[in-house]
Amino acid sequence: MWKVLSKRKCHLYRINGVEDHLHIVTHLHPMQALSPLVKDLKLSTNQFIKQEQLFPHFAGWQDGYGAFTYAYSAKDDLIEYVKSQEEHHRKISFEKEWRALLKEHRINYDERYLF
């Protein structure tokens with residue numbers, strides 16, 4: 001992922017995840033569109049994971065993704081949040097976290113399409 005991001009002049013601050021999702025804190029270069037970047041991240045890592053047999057039960061990435069913007073001043077807090085994913089998800093499920101992010105960013109959603 002770092003290689004894909006760096007080739008597109010995006011600065012990676014932190015990646016971390018748990019068994020069902022991951023978080024990436026990155027600077028998105030102004031010349032990069034988010035959707036093609038995520039597509040390239042998924043394609044390249046899908047191929048790498050399968051080629052290197054890193055996760056035997058990995059079937060591929062889900063179709064969707066979420067992306068949120070934050071003020072640069074929140075960067076250090078975001079990095080710490082992403083670093084502590086394992087601990088964080090002992091307290092709150094991915095589903096609850098996802099709904100909280102949608103609420104925080106005032107995104108309306110239909111419950112039928114969340115998971």
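Whatever comes next refers back to the structure up there.
These notes cover the structure that comes with them. (Residues numbered from 1 in each chain as written. Predicted model: local features only at pLDDT ≥ 70, side-chain atom pairs only at ≥ 80, totals over all residues. Heavy atoms only, no water.)

## Brief notes about the pattern of salt bridges
Per the counting criterion, the structure on display carries six salt bridges. One salt bridge in this structure joins D76 and K75, with 3.5 Å as the shortest N-O distance. Notably, a salt bridge pairs K83 with E80, separated by 3.2 Å at the nearest N-O pair. Within this pair, K83 and its partner E80 are both found in helix 3 (residues 75–83), separated by three residues, close to a single helical turn. Using a relative accessible area of 38% as the deciding quantity, one classes K83 as partly exposed. (Salt bridge = Lys/Arg side-chain N within 4 Å of Asp/Glu carboxyl O. Helix = DSSP H or I, 4+ residues; strand = E, 2+ residues; numbered from the N terminus. Buried < 20%, exposed > 50% of the residue type's maximum accessible area, 1.4 Å probe, protein only.)

## Describing the packing of aromatic side chains
Under the criterion given, the structure shown has three aromatic pairs. Between the aromatic rings of F68 and W98, the centroid separation amounts to 5.7 Å while the plane-to-plane angle is 65°, which identifies the pairing as edge-to-face. Of this pair, F68 sits in the loop between helix 2 (34–52) and helix 3 while W98 is found in helix 5 (residues 94–104), placing the two residues 30 residues apart along the sequence. Look at W98 and you get buried, because its relative accessible area is 17%. Among the aromatic side chains, those forming a connected cluster through ring pairs are F68, F94 and W98. (Phe/Tyr/Trp six-rings, centres within 6.5 Å; stacked < 30°, edge-to-face > 60°.)

## Concerning unusual backbone geometry
Within the chain, K9 stands out as a residue other than glycine whose phi angle is a positive 60°. Along the polypeptide, K9 turns up in the loop between helix 1 (2–7) and strand 1 (11–18). Accessibility expressed as a relative area gives 60% for K9, which makes it exposed. You will see that R106, though not glycine, has its phi angle at about 55°, which is positive.

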